[in-house]
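What follows is the residue order along each chain.
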Amino acid sequence: MVQSSVLGFPRIGVLRDLKKANEAYWADKISQQDLLAEGKRLRLAHWKIQKDAGVDIIPSNDFAFYDHILDHIQLFNAIPERYASQKLSPLDEYFAMGRGHQKGGVDVPALEMVKWFDSNYHYVKPTLQDNQTFSLAKDPKPVREFLEAKEAGFQTRPVLVGPVSFLALGKADRGSSVDPITLIDKLVPVYIELLKALKAAGAESVQIDEPVLVFDLRPEVKNAFKPVYEAFAAQGSAIPSIIVATYFGDIVHNFDILPAFAKVQGLHVDLVRNPEQLEPVLKQLGPNQILSAGVVDGRNIWKNYFEKSLDILQTATKALGPERVIVATSSSLLHTPHTLASEKKLPADVYEWFSFATEKVKEVAILAKAVTDPESVRAELDANAAAMKSRAESTRTNDPKVKERQAQVTEEMHNRKSPFDNRYAQQKKHLSLPLFPTTTIGSFPQTSEIRVQRNKFTKGEISEQEYDDFIKKEIDLAIQIQDELGLDVYVHGEPERNDMVQYFGERLQGYVFTTHAWVQSYGSRCVRPPIIVGDISRPAPMTVKESKYAASVSKKPMKGMLTGPVTCLRWSFPRVDVHQSVQCQQLALALRDEVVDLEKNGIFVIQVDEPALREGLPLRKGSERDAYLKWAVNSFKLATAGVEDSTQIHSHFCYSEFQDFFHAIAALDADVLSIENSKSDAKLLKVFIDEAYPRHIGPGVYDIHSPRVPPEAEFKQRIQEMLQYLRPEQLWINPDCGLKTRKWDEVKGALTHMVNAAKYFREQYTKA
């Protein structure tokens, strides 16, 4: 009989319950016991949802209070000494690594956090030492949560991140030079100890995620798989059977690794992202191995097309037999909202097109039944076919005017009028900027008062004029604070914006919006991605009113703030019926109109943020990556090239790991780049020397994801490190990212130290 499984379920709860509990704990409003109890309540609720849906194989250890990789860091005692030495409770130590800790005489920054493959989820990077050791934590979390499920009547399959992926996704700590993968022999015995403990607890099988199999791997990483999985196989029945799971790409290019998995129970592959790998994978499986077929999308919100999925599943069952096929989600459902049932305001004609996590687990169970007994789920199959037909025939999806405008785009429209040197000469004169100019990335704290007033306006409890007056007051406050701080280029603080993509989506044709479709981005940070359902256009200006007002009351240059076309695409749930390059060009044309309108209204510094550019990069080098970079870069240039030379174009990027596609960063032709950099080694900036990068750059000097306020000396140290790789006239001083999640006292303290440090170096270099 075909079975069904889910690789992981969202953690945050129906109404962001986990976020609220975490933040209450951090604010000392609830106890550790209260927080732990809420975690247990959520786990039990999520297991019940899956069991009630008819899922056969339910995951455990997919829950995390902050991040699942951080869980494994603590699980294996791979905890840097700067945290272990503080003698914090295990829970506080865990959060200190995730978000920093500046309390009770303890002052430690957070570990580095980077994007999880090509998703908008962030994981905490394992940070390892030259003398690294590993040991299993007391009361290991995977065992504890397996037993918790068992006691409640749920037989689960624990989920572990595999040892090769755990190390391959890590890095050497500052001051260490260890290649993490060389630590594999030290780590494997700890995994075996954990697997034996799970077996003793009653676990029949485990899911070991080795997602790095979708990468082009270094020989050292490739060679690590064989001894690891041979060591597991040597344990025989002392450990549970193993399903090795991959996702977010294909593994055909790594078929030479598959013999390492000869003794595991089976293999999971992502057949949503790469359905073409099915036939070659079937040929590689051993005579008794199981295929876990990931046919239900764990990354998007569109209803599964049962007819197409059943074609894939029938191919698999014909080759293997039904007893060797598991119908599964393509990846963890971590990347999808909790339930469609919470959405009461979606247009009726599109509601039936969507499926969130709770609905997707039902899809998995239905498909498993439909493979061998379609009549038992005939009503569900017919309803699905009707939904697919409705979407295909909908008038929402196509706008002839948008397509006509796209057909008129020329190559010249992607290029600024003059090269950078000519532009910068005009910008320098026009903007009167000092050496080491200071600025922020855009947003200032979204206070409770801002959220209350926005909510009142949304509900119609205050008039548009009352709301506009409130927003002006908040902009006045932001400018007053920037005056006091002494920044050089101001922002208006974005008090009117709910989210950097949602705000724009709400003002564009082609989007629909949810009320409760939250997805975890990192820690307690949740986002509510808008959904692209049709061709995109801009009916009216989106940001001009607020930016124009801010410039009118500002003593310094005011930045206009926009979210770039690639990020608007990547941080939405995109269409699946139109290529992403088409959707991105539509967004670029809409933003081009906005950029030109900002300039016409006196905004001569315009930042078009593209933090998702790196995230969207295909995971492997080759033609797919080249094609992506071409259309992504062209979209940015199309959005920004319509202004005069004297207008300065900025862009912001999350994370500085872009050495392997630096040519594309340079090709954007932005006058100033700002990058999230504070937790990265300054040596990563060497690429700007190696590539003779001619334009200006602001590497982030402090981590905005943490409430910690770095001392002024720390800012000076970071700037000094940056000056080893960047020219003084090239360097801007700014935070890592926007400040909307921080409190005003944190912001003022950190920016005061940042501005003072910039002034110090300005004085030093002016004297020189």
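Residue numbers here run from 1 along each chain, matching the order of that chain's written sequence. For this predicted model, a pLDDT threshold of at least 70 governs which residues receive local features, and a threshold of 80 or more governs which side-chain atom pairs are given and counted, while totals over whole chains, interfaces and linings are taken from all residues. Side-chain metrics in this entry use all non-hydrogen atoms of the structure; hydrogen atoms and water are not considered.

## Notes on the sheet that holds strand E1 (residues 3-5)
Hydrogen bonding along the main chain pairs the strands of a sheet, whether they run parallel or antiparallel. What makes two strands pair is DSSP finding at least two bridges between them. A run of H or I in DSSP becomes a helix once it reaches four residues, and a run of E becomes a strand once it reaches two; helices and strands are each numbered from the N terminus. Judged by pairing direction, the sheet is parallel, and its eight strands sit side by side in the order E1-E14-E13-E12-E11-E10-E8-E2 without closing on themselves. The open sheet terminates on both sides in strands that have one partner only, identified here as E1 and strand E2 (58-60). Recorded for the sheet is a direction-independent mean angle of 30 degrees between the axes of neighbouring strands. As paired strands, strand E12 (residues 266-270) and strand E13 (residues 290-296) are joined by five bridges and run parallel to one another. Its bridge partner being in E13, His268 is matched across the sheet by Ser292. Contacts are assigned to residue pairs with any non-hydrogen atoms lying within 4.5 Å of each other. Helix axes are fitted to C-alpha atoms over the stretch in contact, other axes to C-alpha atoms as well, and angles between N-to-C directions run from 0 to 180 degrees. Each of E13 and strand E14 (325-329) is contacted by helix H11 (residues 306-320), which is oriented at about 175 degrees to E13, the strand it contacts most.

## Observations concerning the pattern of salt bridges
For this analysis, a salt bridge means a side-chain nitrogen from Lys or Arg found within 4 Å of a carboxyl oxygen belonging to Asp or Glu. One pass over the structure, following the stated rule, counts 50 salt bridges. Asp671 serves as the salt-bridge partner of Arg416, at 3.2 Å between the closest nitrogen and oxygen. Of this pair, Arg416 sits in the loop between helix H15 (400-407) and helix H16 (420-431) while Asp671 sits in the loop between helix H24 (662-667) and strand E22 (672-675), placing them 255 residues apart in sequence. With respect to burial, Arg416 and Asp671 carry one shared label: buried. Three exposure classes are used, based on accessible area relative to the maximum for each residue type with a 1.4 Å probe and protein chains only: buried under 20%, partly exposed in between, and exposed over 50%.

## Brief notes about the UniProt feature "active site" (unreviewed entry) in the protein chain
UniProt positions are given in the numbering used here, feature names are shortened, and annotations may be inferred rather than shown by experiment. Mapped onto this numbering, the UniProt entry annotates "active site" (unreviewed entry) at His705. Mapped onto the secondary structure, His705 falls in the loop between strand E23 (696-699) and helix H26 (712-722). Among residues more than four places away in sequence, those in contact with His705 are Met113, Tyr522, Glu676 and Arg742. What qualifies as a polar contact is a pair of N or O atoms within 3.5 Å, subject to a donor-acceptor requirement within protein and to the restriction that residues adjacent in sequence count only when both atoms come from side chains. A distance of 3.2 Å separates a polar atom in the side chain of His705 from a polar atom in the side chain of Glu676.

## Regarding the packing of aromatic side chains
The description of two aromatic rings rests on the distance between their centres and on the angle between their planes. Note on aromatic pairs: the rings of Phe, Tyr and Trp (six-membered ring only in Trp) are paired at centre separations within 6.5 Å, and the planes decide the class, stacked below 30 degrees, edge-to-face beyond 60, tilted for the rest. In total, this model carries 33 aromatic pairs according to the counting rule given. Aromatic pair Trp116 and Phe117: ring centres 4.9 Å apart, planes at 80 degrees, arrangement edge-to-face. Accessibility assignment for this pair places Trp116 and Phe117 in one class, buried. On the basis of an interplanar angle of 70 degrees and a centroid distance of 5.5 Å, the ring pair of Phe436 and Tyr765 is categorised as edge-to-face. Here Phe436, found in the loop between H16 and helix H17 (448-458), pairs with Tyr765, found in helix H27 (residues 744-767); they are 329 residues apart in sequence, far enough to count as distant. Classification of Tyr765 as partly exposed rests on a relative accessible area of 34%. In this structure an aromatic cluster arises from ring pairing among Phe76, Phe166, Tyr191, Phe225, Tyr229, Phe232 and Phe261. By the criterion adopted, a ring carries a charge over it if an Arg CZ or a Lys NZ lies within 6 Å of its centre and within 35 degrees of its normal. In this arrangement the basic side chain of Lys716 is found over the ring face of Tyr760, its NZ or CZ atom lying 4.4 Å from the centre.

## Details of the sheet that holds E22
Pairing within the open sheet is parallel, and its five strands lie in the order E19-E20-E21-E22-E23. Strands with a single pairing partner mark the edges of an open sheet, and in this sheet they are strand E19 (559-563) and E23. With direction set aside, neighbouring strand axes in the sheet form an average angle of 20 degrees. Judged from the four bridges that link them, E22 and E23 form a sheet pairing that is parallel. By the bridge assignment for E23, Ser674 is matched with Gly698.

## As for unusual backbone geometry
Only a minority of non-glycine residues have a phi that is not negative, and only a minority of peptide bonds are not trans. Positive phi outside glycine occurs at Asp139, with the angle close to 50 degrees. Within the fold, Asp139 resides in the loop between strand E7 (127-128) and helix H6 (141-151). Positive phi is not limited to glycine here, since Phe248 has a value of about 75 degrees. Positionally, Phe248 belongs in the loop between strand E11 (241-245) and E12.

## Thoughts on helix H1 (residues 17-26)
Most of H1 sits out of view: seven of its ten residues are buried. Looking at the buried residues of H1, the elements they touch are helix H2 (32-53), helix H5 (90-99), strand E3 (101-103) and strand E17 (525-527). Within two residues after H1, Asp28 carries a phi angle of roughly 60 degrees, on the positive side.

## With respect to the UniProt feature "binding site: 5-methyltetrahydropteroyltri-L-glutamate" (unreviewed entry) in the protein chain
The residues that UniProt annotates with the feature "binding site: 5-methyltetrahydropteroyltri-L-glutamate" (unreviewed entry) are Lys19, Asn120, Arg525, Cys526 and Trp571. Note that Asn120 resides in the loop between strand E5 (113-115) and strand E6 (122-124). Structurally, the position occupied by Cys526 is in strand E17. Among the residues examined, Cys526 registers a relative accessible area of 5% and is labelled buried. Those residues within four positions of Cys526 in sequence are excluded, and the remaining contacts are Ile12, Arg16, Lys19, Trp518, Val519, Gln520 and Ser521.

## Some points on the packing of helix H3 (residues 68-75) against H5
Where H3 meets H5, the closest approach of the two axes is 10 Å, and the angle between their N-to-C directions is 125 degrees. In terms of orientation, H3 lies oblique with respect to H5. Crossing of H3 against H5: the hand is right-handed. Counted together, Leu70, Asp71, Ile73 and Gln74 of H3 and Pro90, Glu93, Tyr94, Met97 and Gly98 of H5 form the full contact between these two elements. Think of it as three bins: nonpolar holds Ala, Val, Leu, Ile, Met, Phe, Trp, Tyr, Cys and Pro, charged holds Asp, Glu, Lys and Arg, and polar takes everything else, Gly as well. Residues of the contact of H3 with H5, tallied by class, amount to five nonpolar, two polar and two charged. The cut-offs work like this: below 35 degrees is roughly parallel, past 145 is roughly antiparallel, 65 to 115 is roughly perpendicular, and the gaps in between are oblique. Crossing handedness follows the turn of the near helix against the far one: under a right angle anticlockwise gives a left-handed crossing, and clockwise gives a right-handed one.

## Some remarks on the state of the cysteines
Two cysteine sulfur atoms make up a disulfide if the distance between them is within 2.5 Å. The full count for this structure, using the stated rule, is zero disulfides. The thiol sulfur of Cys584 is not disulfide-bonded, and the nearest other cysteine sulfur, from Cys568, lies at 8.7 Å.

## Digging into the side chain of Ser205
Following the sequence through the fold, Ser205 ends up in strand E10 (residues 205-209). Sequence-distant contacts of Ser205, that is, excluding residues within four places in its chain, are made with Arg157, Pro158, Pro240, Ser241 and Gln265.

## As for the nonpolar core
Throughout, nonpolar core names a set of buried Ala, Val, Leu, Ile, Met, Phe, Trp, Tyr and Cys residues whose side chains join them through atoms within 4.5 Å. If you look at the biggest cluster of nonpolar residues, it comprises 116 residues, and the most contacted ones within it are Phe225, Phe232, Phe261 and Leu291. Counting residues per element, this core draws most heavily on helix H8 (residues 184-201), at ten residues. Look past the residues within four positions of Phe261 in its chain and what remains in contact with it is Leu213, Phe225, Tyr229, Val244 and Gln289. Formed by 94 residues, the second largest nonpolar core is a distinct cluster that contains Phe661, Ala670, Ile675 and Leu731.

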